[in-house]
Amino acid sequence: MGKVVIMDHPLIQHKISILRSVTTGTKDFRELITEIATLECYEATRDLKLEEYPVVTPMGNAVGKRIEGKKLAIIPILRAGLGMVPGMETLLPAAKVGHIGLYRDEETLEPVEYFCKLPSDIAQREVFVVDPMLATGGSAIDAMNMLKQHGCSRIRFLCIIAAPEGLEALTKAHPDVDVYVGALDDHLNEAGYIVPGLGDAGDRIFGTK
Ligand code: PRP
Ligand code: URA
């Protein structure tokens, strides 16, 4: 059974509050997404397995510890997930990066796939899927389906803001996935936007509106 972690760290709450503000411009928005992604990554890597190895210090021998296996992958859901990649890479500089392209049909809110390029050995990797927004959950559920079709069995999902509806749908569809949420908001509106949320994450990251 996967776990659901709602971040209660003061730095994350502080930064998400600035991110939400309609007065926050593109430059600050990008920087905040990066910082929040790094903080969430720290929490989401807490249970990575370690292996011991010998280290010689100037004073003698020590038992060193390193991440076992080191086979990790960061998978942003395009477009908005791209904004979280630099923050993830800060802590996981050697991780491979794959891309899943999905957009929501504005009428049906159903995700439409338009791109999928994954590391060739993705089935052997621990996967960190990133997308700032979990609204209906359709995009995240679809991304997990695609990854499982490629043989992935250890998947974590990191988002910045989630709606209760999306969180419930995702955990029901993929109960084995660990989900890390920066803030759990109130509800979805009739257009499928998270309230209070932050608006359209992709448009705010890339300045397209
Ligand atoms: C946004 C967001 C998620 C999706 C969440 O992407 O980045 O991928 O919506 O909604 P859902 O949970 O209801 O599926 P969008 O479709 O706007 O595409 P974009 O990132 O390219 O702007
Ligand atoms: N996608 C966004 O970018 N924002 C929302 O509130 C919902 C989906």
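Residues numbered from 1 in each chain as written. Chains lettered and ligands numbered in written order. Predicted model: local features only at pLDDT ≥ 70, side-chain atom pairs only at ≥ 80, totals over all residues. Heavy atoms only, no water.

### Considering the overall build of the protein
Working step 1: For the protein, the count of helices and strands is six helices and 13 strands.
Working step 2: In terms of C-alpha radius of gyration, the protein reaches 18 Å, essentially the compact-globule figure of 17 Å for 209 residues.
Working step 3: Each of the three principal axes of the protein carries a C-alpha extent, and together these read 65 × 40 × 30 Å.
Working step 4: Relative to its full complement of 209 residues, the protein shows a buried share of 46%.
Working step 5: Of all intrachain contacts in the protein linking residues separated by at least 6 positions in sequence, the fraction that spans at least 24 positions is 64%.
Working step 6: For the protein, the accessible area works out to roughly 10,700 Å², and carbon and sulfur atoms hold 54% of it.
Working step 7: The averaged location of the 29 negative side-chain charges in the protein is 7 Å from the averaged location of its 22 positive side-chain charges. (Helix = DSSP H or I, 4+ residues; strand = E, 2+ residues; numbered from the N terminus. Rg over C-alpha atoms; globule rule 2.2 N^0.38 Å. Buried < 20%, exposed > 50% of the residue type's maximum accessible area, 1.4 Å probe, protein only. Contact = heavy atoms within 4.5 Å. Areas by Shrake-Rupley, 256 points an atom, 1.4 Å probe, with all protein chains shown as cover. Lys, Arg positive; Asp, Glu negative; His and termini not counted. Charge placed at Lys NZ, Arg CZ, Asp CG, Glu CD.)

### Notes on helix H1 (residues 10-20)
Working step 1: Every buried residue of H1 is accounted for by Ile12, Lys15, Ile16 and Leu19. Projected down its long axis, H1 carries its buried residues within an arc of 105°, all on one side. Every exposed residue of H1 that faces more than 90 degrees away from the buried side is listed here: Pro10 and His14. (Arc of directions from axis to C-beta.)

### Looking at the site of ligand 1
Working step 1: Around ligand 1 lies a shell of 15 residues, among which Arg104, Asp131, Thr136, Gly137 and Ser139 are the nearest.
Working step 2: In this structure, Asp131 approaches ligand 1 through a side-chain N or O atom, which is 2.5 Å from an oxygen atom.
Working step 3: Within the complex, 90% of the 500 Å² of free accessible area of ligand 1 lies under protein.
Working step 4: Those elements that place two or more of their residues in the shell around ligand 1 are strand S6 (99-104), strand S9 (133-134) and helix H4 (138-149). (Near = heavy atom within 4 Å. Polar contact = N/O pair within 3.5 Å; in protein donor to acceptor, adjacent residues only side chain to side chain.)

### Some points on unusual backbone geometry
Working step 1: A cis geometry characterises the amide bond from Leu78 onward to Arg79, with omega recorded as -5°.
Working step 2: Tracing the sequence through the fold places Arg79 in the loop between strand S4 (72-78) and helix H3 (85-91).
Working step 3: Positive phi is not limited to glycine here, since Leu109 has a value of about 65°.
Working step 4: Its location among the elements puts Leu109 in the loop between S6 and strand S7 (111-117).

### Describing the packing of aromatic side chains
Working step 1: Within this structure, the stated rule accounts for one aromatic pair.
Working step 2: Between Tyr103 and Tyr114, the aromatic rings sit 6.0 Å apart at their centres with planes inclined by 40°, giving tilted as the arrangement. A residue pair is termed long-range when its members are at least 10 positions apart, and Tyr103 in strand S6 and Tyr114 in strand S7 qualify at 11 residues.
Working step 3: Judged by its relative accessible area of 43%, Tyr103 falls in the partly exposed class.
Working step 4: For the cation-ring pair, Arg66 lies above Tyr53, with the distance from its terminal atom to the ring centre recorded as 4.2 Å.
Working step 5: The ring of Tyr193 is capped by Arg104, whose NZ or CZ atom sits 5.7 Å from the centre of that ring. (Phe/Tyr/Trp six-rings, centres within 6.5 Å; stacked < 30°, edge-to-face > 60°. Lys NZ or Arg CZ within 6 Å of the ring centre and 35° of its normal.)

### Some remarks on the site of ligand 2
Working step 1: Surrounding ligand 2, one finds Arg104, Met133, Ala135, Gly192, Tyr193, Ile194, Gly199, Asp200 and Ala201.
Working step 2: A distance of 2.8 Å separates an oxygen atom of ligand 2 from a polar backbone atom of Ile194.
Working step 3: Here ligand 2, which alone exposes 230 Å², has 89% of that area covered by the protein.
Working step 4: Here the residues of the shell around ligand 2 are counted per class, giving five nonpolar, two polar and two charged. (Nonpolar A, V, L, I, M, F, W, Y, C, P; charged D, E, K, R; others polar.)

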